[in-house]
Amino acid sequence: MTRGDDFANREFHKTWETVTGPVMCDFRVDDDPGFSRLDPVDWSNTRAVLDAGCGPGAYVAHVRERLDPPPFTSRRTSASSA
Amino acid sequence: MAVPVCVDVAALPFAEGAFDAVMAMHMLYHVEDIPAGVRELRRVLRDDGTLLVSTNSVTSEREFMDLLMACGLKELPVQDARFSSENGGELLAEAFTDVRFFEERSKFVVPDPGPVVNTVQSMRYSLEAHLASSVTWEDFLFRVADAAQDVVDRHGALVTQSLSGVFVCR
Ligand SMILES: C[S@@+](CC[C@H](N)C(=O)[O-])C[C@H]1O[C@@H](n2cnc3c(N)ncnc32)[C@H](O)[C@@H]1O
């Protein structure tokens, strides 16, 4: 958007109520795209998690990925082959 | 399975020790009674569980705040300062014995004034009351649009440092 577009037009702002366009957060240059701030929790010993004030749930997928047990491998198969 | 529940953090409908881990990310500064919220987070957490709390520093996004001050904001809104990197540890120590802080830095590189104006518009609830008396909200937005355009013209982008951090509480 350049000077002269609607955002710089006073009349436009008088009626502009809902913000639906991009905001500054969309331009974050994050050193930590991997959410390492979650690392201090011992997730191996964790099942029930409360994300208080979760908003739209930015952390849900990252927490779930840490909670999910590794893929199931059948003990019976290895026992029977022993 | 994630189950959304809409309640006040200061009155959680969960049993003592119901959770193995609790998170309160960038939210405690919104809460009316912060000490009550912290007590509730402790109560619903397992005795040896971990609470993670993220928040901003009061010096975060200084370049953006300076731009707003130059456009007619007479003082910074206090909302984030209610629970910040600076004072959060003290508030958490009321309910947790071991509170450690890990600082995080990132930045916003905004190549267009549109998102700057959108952000200001989305903060109207907290900014409008802090405008100089001669400046209307519409004047303010107009000035911000102009100032952001100037920065983008001169530097290619508005760059502002974000300072935040995580408290790990046990
Ligand atoms: C800045 S958003 C953070 C969202 C999310 N935690 C994140 O980091 O992306 C603040 C959130 O706090 C929630 N909130 C504000 N006051 C609250 C309260 N008293 N109890 C519970 N949640 C609250 C809001 O609904 C909003 O979702």
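Refer to the structure printed above.
Draft legend 1. Structural detail: the interface of chain B and chain A. Contact with chain B, which involves 54 residues of that partner, is made by 38 residues of chain A. Between chain B and chain A, a total of about 3,900 Å² is buried, with carbon and sulfur atoms accounting for 61% of that surface. Taken together, chain B and chain A are joined by one salt bridge. Residues Glu104(B) and Arg37(A) are paired through a salt bridge, measuring 3.0 Å at the closest nitrogen-oxygen approach. The tally of links between chain B and chain A comes to 14 residue pairs in polar contact (both at pLDDT 80 or more). Listed by contribution, the elements that provide at least two residues to the side of chain B that touches chain A are strand E1 (19-25), helix H1 (34-44), strand E2 (45-56), strand E3 (99-110), helix H4 (113-122), helix H6 (137-155) and strand E4 (158-169) of chain B. Its residues assigned to classes, the side of chain B that touches chain A comprises 31 nonpolar, eleven polar and twelve charged. Summarising the sheet, strand E2 (residues 49-52) of chain A and E1(B) pair through four bridges and their orientation is parallel. For Leu50(A), the partnering residue across the bridge sits in E1(B) and is Val22(B).

About the criteria used
Residues numbered from 1 in each chain as written. Chains lettered and ligands numbered in written order. Predicted model: local features only at pLDDT ≥ 70, side-chain atom pairs only at ≥ 80, totals over all residues. Heavy atoms only, no water. Contact = heavy atoms within 4.5 Å. Buried area = accessible area lost by both parts, 1.4 Å probe. Salt bridge = Lys/Arg side-chain N within 4 Å of Asp/Glu carboxyl O. Polar contact = N/O pair within 3.5 Å; in protein donor to acceptor, adjacent residues only side chain to side chain. Helix = DSSP H or I, 4+ residues; strand = E, 2+ residues; numbered from the N terminus. Nonpolar A, V, L, I, M, F, W, Y, C, P; charged D, E, K, R; others polar. Pairing = 2+ DSSP bridges.

Spatial relationships are all this shows, so hold off on functional conclusions.
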